[in-house]
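The lines below spell out each chain.
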Amino acid sequence: MTVVYFTALALLTLSAYVLASRRSVALSSTGVRLHSLPAYHGLLAISLVIVPMLLIWAVGTPLVSQFAASNALTNFPAETRNDALQAGSALREIKNLAAGQRSGDVSDTLRAAADTYSAWRTTGDYLLLSIGLAAALLGIAASLRLVSGPFRARNHFESVVRVILLACAGVAVLTTIGIVASVLTETIRFFFDPNIKGRPGVFDFLFGTEWNPQQAMRADQGDIKSAYGFVPLLTGTLLITAIAMCVAGPLGLLSAIYLAEYASPRMRRYAKPVLEILAGVPTVVLGFFAALTVAPYIRGWGEALGLDVASESALAAGLVMGMMIIPFISSLSDDVMNAVPQSLRDGAYALGATKSEAIKQVVLPAALPGIVSAFMLAMSRAIGETMIVVMAAGLAANLTLNPLDAVTTITVQIKTILVGDQEFDSAKTLAAFALGFVLFFITLILNIIALRIVRKYREQYD
Amino acid sequence: MENSTVDLSAIERVEAARTAHLTAGAKPAKVLARDVNVYYGDKHALKAVNVEIPDRGVMAFIGPSGCGKSTFLRCINRMNDTIASCRVTGKITIDDQDIYDRSLDVVQLRARVGMVFQKPNPFPKSIYENVAYGPRIHGLTANKAEMDDVVQSSLEKAALWNEVKDRLQDSGTGLSGGQQQRLCIARAIAVNPDIILMDEPCSALDPIATAKVETLIDELRSNFCIIIVTHSMQQAARVSQRTAFFHLGTLVEEDSTKTIFSNPKDQRTQDYITGRFG
Amino acid sequence: MTDATSTLPTQLPPARRRAIPPDVAAARVRRRYASERTFKALGIGALALTALFLVMLLTSIIVKSLPAFSEHRAVMSVLVDAAVVDPDGKRNADTLRSADYASLTRAAITTVIPGIEGRSARKALTGLLSSGAADDLRALVIADPSIIGTTIKTPMLFSDDVDLYLKGDTGRYTTAAGVAELTPSDVKGDITLTAADQSFAALIAELEREGISADAEAGAHVLDGRIPSRVVYVNGGAVKVVKATANTLTGPVLLPLSSVSPAKTGSWNLTTYAQPESRRRISDQEIVFIDKIKSAGAIERGFNWRFFTSGDSREPELAGIRGALIGTALTLFVTLILCLPIGVLAAIYLEEFAPKNWLTDIIEVNINNLAAVPSIVFGLLGLAVFLNYFNLPRSAPLVGGLVLALLVLPTIIISARAAIKAVPPSIREAAIGLGASQQQAVFHHVLPLAMPGIMTGTIIGMAHALGETAPLLMIGMVAFIVDVPTNISDAATVLPVQIYLWSDLPEAAFQQRTAAAIVVLLGFLFAMNGAAIWLRNKFERRW
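Along each chain, numbering runs from 1 in the same order as the chain's sequence is written. As they are written, the chains are lettered A onward and the ligands numbered 1 onward, keeping that order. In view of the model being predicted, local features appear only for residues whose pLDDT reaches at least 70, and side-chain atom pairs are presented and counted only at 80 or more, with totals across whole chains, interfaces and linings using the full set of residues. Note that water and hydrogens are dropped before the side-chain values are worked out from all heavy atoms of the structure.

K.L.:
How should I be thinking about the overall build of chain C in this particular structure?
P.N.:
Helix numbers and strand numbers start at the N terminus; a helix is a DSSP run of H or I with at least 4 residues, a strand a run of E with at least 2. When you go through chain C residue by residue, the secondary structure sums to 20 helices and twelve strands. The size measure is the radius of gyration over C-alpha atoms, and the globule rule it meets is 2.2 Å times the number of residues to the 0.38 power. Against the 2.2 N^0.38 benchmark of 24 Å for 543 residues, chain C shows a C-alpha radius of gyration of 36 Å, more extended than a compact globule. Projected onto its principal axes, the C-alpha positions of chain C cover 125 × 90 × 40 Å. The 543 residues of chain C split such that 50% are buried. Considering only contacts within chain C whose residues lie at least 6 apart along the sequence, 73% involve residues at least 24 apart. We call a residue buried when its accessible area falls under 20% of the maximum for its residue type, exposed when it is over 50%, and partly exposed in between, using a 1.4 Å probe and counting protein chains only. The contact criterion used throughout is that any non-hydrogen atoms of two residues lie within 4.5 Å.

Below is the structure:
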């Protein structure tokens, strides 16, 4: 049906352009002076077809689907309909059956429901198509009527374009709204929806020290609230981030200082690509490196020193994550130091400072806000990084600060819970969204503060 | 910096030469330039400059923009070293010591030749730290009390003490333009240099602030050799005892300020001070 | 000039200042220069260490990947038996497709080493071949049914364990020539090899060192799978040593002997395989078979084209990245057609048309913040909105492309804005001065001039999307998918996800293939970044 709809859309668009521009050409050949070029009459006609048809499709399709689904579910008893979990799985079966993807024995109820669903779907789709066609034809008729000498087709078309431009820019806002809405609603359900079994209280979540969602799945009995304690995930995330910052902070900053203050242009030409290549290595590759090369090495060294090292130690993941953010810190710090005015360096040199004294005592303090924000952005990146920790860090939520132990992180848990089959309404699945919300919130705060510091800093020297 | 090996005896020789001059009671040239040429890449910015600058007093460099007066000034404390494409030939001596000698340490040189820039450039630190920075890196004070002393006397000499004594811990960048420039002068004085270079120190200041800085320069000339670059002939006339006129990279004429402004020998100088060009 | 003087004390008090002795000053300067050098060395050290990280990363992956680019095959004569392949002789395609080709390949390999009896030995022999060997034969027959009934010579793929053994992963061995005359008791079954007394004293001593002492019950030293295994090659056959005394060796025949006649000193040998049997994935029996096939000259090594032409598989030797490559192409196609127009139009709006108001501010702040949102959060968005709300198909490149488009949109908007901003206002003014509308000026003049910059940013954005994994895991692109996807709503996987999936598998051969897939991925990334740099250098314009 979608194919039919869009074929119609394409054909109507084409004919709208041809009709409207031909008409204006015809008009001008009779000696009427046109305000706008024929192409603009055609383009305006196109927009009068495309915009309503797309709108109708975008709004109508989910409506039809919803309506068909709710009608199909009336075939099931009330308790099925009211239980979100059961209704969801019933709906999936109905859709599979209607799409012909299900074989084997099918209950009569299900078959009846699937028939209802298909019937409503078909009706709805035809309805949509006819509404769309009607709107498009109206649009063509209107645009043909509008073709006249003084009609300012270009201006009208340009305002349509303006709206389209604004809409494109608005996609960014929509994305944010989409993220916040999807993550936040599931989080609220996780904490407050009475239909969800095994959900924890907000307080238990924020301050609980035990994380074990697998257990909560099984247990309808017993004390299951402790299974969603967020603290070990937070400490694990922060531990790995801290190790990463210990690696990347000094290395990134020192290389930035060298590149910005000491390196000859030749040196810069060779050193910059090294950092750029490192920045371009996908995290899944770094994860592979961490899990298969770095972790065994660390384990080997640890054993040689008589230390007990977990095979998925926080140290391995942290080290490689540090590698990942070195280029990030160094390029941001490089920019920041280049923004420090030369006059400050000159001031220090004129007093007899050596180059390193000028850097340490004048350039770095002056660039400090920018460097702090670079570190914050790097931290937020480390906190949100997924693949390295998924591949190199563990799953066990140990509450420890020992870098040789295995710890787990927020992102690892989101991935673990959501990959594979899941029921959308279980407490476990919702917990992943709650974690996602926390992650989004932490990184957002770090970013906002960092961007604000940077902006202030720029104003200071602009 | 560039010459990381330092012949320390060179510094001692300078000191010795200086002491000898002072004890002999002679009034020798403090700064001596012989056949100085400066190139920026291919551009020949300064051509065969010869000049003698006496100790104690104010020497003004005047001339139209781009005439090389700032370039020459920056040769005297080797600030041009920081520009990669810049090349200096010829000889400049301070107290008979060649400052472009390979054995001379540029860091030590700059401790003896202070500089004040066109635009006030206080460090984004407190007023106190701005002044204390130089003495600290050169290890001129032994303890906090001495440092307090140096900071106070430097600020007093820069005529800024009364305005800032209650807020020494405030940021130096929070001062007004004129105050910032006097802070930069205090910063330069704190290292106790022999020579202070000033590169159009008043060009970014309003008239009242300019007046204060000029008064200060006048106060300082009994203790320092001051070399000032200015685009304002009135300023040169007001503050300097000797004046040098630069034009198109050459030093046209150098004489006492009175002579330059009343009875210049060269036609170009005449044209410049009477406002025919520039 | 006068007011300031009045506030000044006429005679300035001299500041107290230490007179620094020259030697102290000299020491101080020396110290300062030392710290200068240290600082500079730290900077170089940091850069060098970073470069070292990169080199270690790349070499470790490239070294790991090399074995995966070749494969070993047994070149053997196969009788394409008409009775098996096409019993009714009709050349029916379905019949040909469903025939039991594995029995043909099994028969072929047993002809290479005849005379093997016993189920487990036969199984070990036929198990050397990959299940892909039968598939290859099927493909040959279907392509050319005229070979039915003939004997053809064709290479057949070995299993991954054999392949690894032949690449030298397992097989360190030492050979000692026989020091006495050796008499076998039989040519097959469990046999005893007898020699003069104390002939095997050296072996016994070696076993003692490995922790094996004489077993009182058996009256001999008993070898097990935890120590290096010993095989005696004698009279054209092979015997595995299970029990050893000073003058006898006892054990099963791995390869039948030609006779029981005594073997002269030096005509037989004792081979020690350094890696104990229990620690390798290939048995002594299999090693003996492989070495036999090898000595028959029936093994060839070739480039592993299959890696690029087949989809995923549970068998490492059959697994390839074609499915992932096509999935990646489809996903990036969706990403590109969405984010390029939207990104460019958004950038045009923000740079050229946006009024200075709160809405614009919100959009700008939004874009900056979106650029730093963790990618996994975009995965959550895709899961909740595209899969669960809009009911789009799981695991499909369509959804993957949508999610990645949202992910790289900020990057593209930001770089497109920079490119548009770099076009000087004089161009716009010239167009507007000729009576063009603002939109005409932008679309006819500014946009074409900004295009190289926009393309550079787009390529870098797409490279970013190409390496992205986490959000795709969220929308189910992690399924095990053998079929190569053909359109954007098929279930598919992408190259980075394929890497992730393989990296989790225990087989060593899969580790190598993971590394090889990484090499391919990095190759694409470098090519894209190189293209971006080339584009930037070629079209970069200084206004």
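Next comes the rest of the account.
K.L.:
I keep staring at the packing of helix H12 (residues 322-353) of chain C against helix H15 (residues 397-421) of chain C and nothing clicks. Help me out?
P.N.:
Packed helix pairs are specified by the crossing angle of their axes together with the interaxial distance, meaning the distance between the axes. All names here are of chain C. For the pair H12 and H15, interaxial distance at closest approach is 6 Å and the crossing angle is 35°. Note on packing geometry: the crossing formed by H12 with H15 is right-handed. We call Asp, Glu, Lys and Arg charged. Ala, Val, Leu, Ile, Met, Phe, Trp, Tyr, Cys and Pro are nonpolar, and the rest, Gly among them, are polar. Here the residues of the contact of H12 with H15 are counted per class, giving 20 nonpolar, six polar and four charged. Interaxial angle, 0 to 180 degrees, is taken between N-to-C directions of lines fitted to C-alpha atoms, where a helix line uses only the stretch in contact. Crossing chirality is assigned from the near helix's rotation relative to the far helix, an anticlockwise turn below a right angle marking it left-handed and a clockwise turn marking it right-handed.

K.L.:
What is the right way to read the environment of B:Leu251 from this model?
P.N.:
Residue and element names in this part refer to chain B. Topologically, Leu251 is positioned in strand E10 (residues 250-256). Spatially, the C-alpha atoms of Leu251 and Lys69 are 8.6 Å apart, while their sequence positions differ by 182 residues. Here Leu251 is in contact with Val49, Asn50, Val51, Ala244, Phe245 and Phe246, once residues within four sequence places are set aside.

K.L.:
Explain a nonpolar patch on the surface here, please?
P.N.:
Residues and elements named next belong to chain A. A cluster of nonpolar side chains, contributed by Val180, Leu184, Ile188, Phe192, Val202, Phe203, Leu206 and Phe207, occupies part of the molecular surface with about 740 Å² of accessible area. Mapped by element, the contributors of at least two residues to the nonpolar patch are helix H6 (153-192) and helix H7 (202-207). Residue position: Phe203 is located in helix H7. Two joining distances apply to patches: 9 Å for like charges and 5 Å for nonpolar side chains (Val, Leu, Ile, Met, Phe, Trp, Tyr), and every residue must have over 30% relative accessible area and no salt bridge. Each accessible area is a Shrake-Rupley estimate made with a 1.4 Å probe; only the visible protein chains count as cover when residues are assessed. Throughout this description, the term salt bridge denotes a Lys or Arg side-chain nitrogen within 4 Å of a carboxyl oxygen of Asp or Glu.

K.L.:
It is not clear to me how the interface of chain A and chain B should be interpreted in this structure. Could you clarify?
P.N.:
How big an interface is tends to be expressed through the accessible area that disappears when the partners come together. Between chain A and chain B, the contact holds 20 residues from the first and 24 residues from the second. Here the quantity called buried area is the total loss of accessible area, with a 1.4 Å probe, experienced by two parts when brought into contact, counted for both. For the pair chain A and chain B, the two sides together bury roughly 1,600 Å², of which 67% comes from carbon and sulfur. Ranking the residues of chain A by area buried against chain B places A:Tyr349, A:Ala350 and A:Leu351 at the top, with a combined share of 36%. Notably, a salt bridge pairs A:Asp346 with B:Arg74, separated by 3.8 Å at the nearest N-O pair. Contacts described as polar in this section are N or O atom pairs within 3.5 Å, which, within protein, must combine one atom able to donate a hydrogen with one able to accept it, while residues neighboring in sequence count only if both atoms come from side chains. Here chain A is connected to chain B by five residue pairs in polar contact (both at pLDDT 80 or more). Considering only residue class, the side of chain A that touches chain B consists of eleven nonpolar, six polar and three charged.

K.L.:
Which parts of the structure should I look at to understand the sheet that holds strand E6 (residues 113-116) of chain B?
P.N.:
By definition, the strands of a sheet pair up through backbone hydrogen bonds, in either a parallel or an antiparallel sense. All names here are of chain B. Paired strands, as defined in this entry, are two strands with at least two bridges between them according to DSSP. What the six strands build is an open sheet, ordered E6-E7-E8-E3-E9-E10; its pairing is mixed. With one partner strand each, in any of the chains shown, E6 and E10 form the two edges of the open sheet. Within this sheet the neighbouring strands show an average axis-to-axis angle of 15°, counted without direction. In this sheet, strand E7 (residues 195-199) lies alongside E6 in parallel orientation, the contact comprising four bridges.

K.L.:
Please clarify how the pattern of salt bridges should be interpreted in this entry.
P.N.:
In a structure, side chains of opposite charge can pair up when their charged atoms sit close to one another. Applying the stated criterion to the full structure yields 39 salt bridges over all chains. We note a salt bridge from A:Glu357 to C:Arg32, for which the minimum N-O separation is 2.8 Å. Taken as a pair, A:Glu357 in helix H14 (residues 355-384) and C:Arg32 in helix H2 (residues 22-65) lie in two separate chains rather than in one. Judged by relative accessible area, which is 8%, A:Glu357 ranks as buried.

K.L.:
Just to check I follow, could you spell out the side chain of A:Lys415 for this structure?
P.N.:
Checked against the element boundaries, A:Lys415 lands in helix H16 (residues 410-418). Under the convention used here, Asp and Glu are negative, Lys and Arg are positive, and both His and the chain ends fall outside the count. Of the side chains with opposite charge, C:Asp504 comes closest to the buried, unpaired A:Lys415, at an N-O distance of 5.9 Å. Not counting residues within four places of it along the chain, the set of residues in contact with A:Lys415 comprises A:Val390, C:Ile376, C:Leu473, C:Met474 and C:Tyr500.

K.L.:
Is there a simple way to think about the interface of chain C and chain A in this case?
P.N.:
Listed as interface residues are 77 residues of chain C and, on the opposing side, 82 residues of chain A. Summed over both sides, the interface of chain C with chain A buries roughly 6,800 Å², with 75% coming from carbon and sulfur. The interface formed by chain C and chain A contains one salt bridge. Remark: the boundary between chain C and chain A carries 13 residue pairs in polar contact (both at pLDDT 80 or more). Tallying contributions element by element places H2(C) first for the side of chain C that touches chain A, with 21 residues. Split by residue class, the side of chain C that touches chain A holds 55 nonpolar, 17 polar and five charged.

K.L.:
Even after reading the chapter, I still don't get the packing of aromatic side chains, so can you show me in this structure?
P.N.:
Aromatic ring pairs are described here by two measures, namely the spacing of the ring centres and the angle between the planes. For Phe, Tyr and Trp, where Trp contributes only its six-membered ring, two rings pair if their centres lie within 6.5 Å, and the inter-plane angle classes them as stacked under 30 degrees, edge-to-face over 60, or tilted in between. For the structure on display, the rule yields 29 aromatic pairs over all chains. On the basis of an interplanar angle of 65° and a centroid distance of 4.7 Å, the ring pair of C:Phe303 and C:Trp305 is categorised as edge-to-face. Overall, the relative accessible area of 37% leaves C:Phe303 in the partly exposed class. Take C:Trp305: its relative accessible area is 59%, and that puts it in the exposed class. What links up through ring pairs into an aromatic cluster is the set A:Phe190, A:Phe191, A:Phe192, A:Phe205, A:Trp211, A:Tyr228 and A:Phe230. One residue, C:Arg314, lies across the ring of C:Phe480, its end atom 3.7 Å from the ring centre. Geometrically, a lysine NZ or arginine CZ counts as sitting over a ring once it is within 6 Å of the ring centre and also within 35 degrees of the ring normal.

K.L.:
Could you clarify how one ought to interpret the domain arrangement of chain C in this entry?
P.N.:
Split by domain assignment, chain C resolves into domain 1 (69-166), domain 2 (173-279) and domain 3 (322-539). Residue ranges assigned to each domain were obtained from an automatic or database domain assignment. Its C-alpha centre places domain 1 of chain C at a distance of 46 Å from the equivalent point of domain 3 of chain C.

K.L.:
Is there a simple way to explain the nonpolar core in this structure?
P.N.:
Generally speaking, soluble globular proteins have nonpolar side chains that are buried together. Nonpolar cores are built from buried Ala, Val, Leu, Ile, Met, Phe, Trp, Tyr and Cys residues. Side-chain atoms within 4.5 Å join them into one set. Membership of the largest hydrophobic core comes to 239 residues, with the highest contact counts inside it found for A:Phe205, A:Ile414, B:Phe61, B:Phe72 and B:Ile227. It is helix H9 (residues 231-262) of chain A that contributes the most residues to this core, 17 residues altogether. Residues within four places of B:Ile227 in sequence aside, it is in contact with B:Val31, B:Ile53, B:Met59, B:Phe61, B:Leu73, B:Ile76, B:Ile195, B:Ile196, B:Leu197 and B:Met198. Counting residues in hydrophobic clusters, the runner-up holds 44 residues, among them B:Val58, B:Val164, B:Ile196 and B:Ile273.

K.L.:
I tried to follow the side chain of B:Asn80 on my own but got confused; where do I start?
P.N.:
Residues and elements named next belong to chain B. With respect to the helices, strands and loops of the structure, Asn80 is situated in the loop between helix H2 (69-76) and strand E4 (86-94). The class for Asn80 is buried, based on a relative accessible area of 2%. Within the structure, Asn80 has its side chain in polar contact with the backbone oxygen of Thr71 (distance 3.4 Å). When sequence neighbours within four positions are dropped, the list of residues in contact with Asn80 reads Tyr40, Thr71, Arg74, Cys75 and Cys86.

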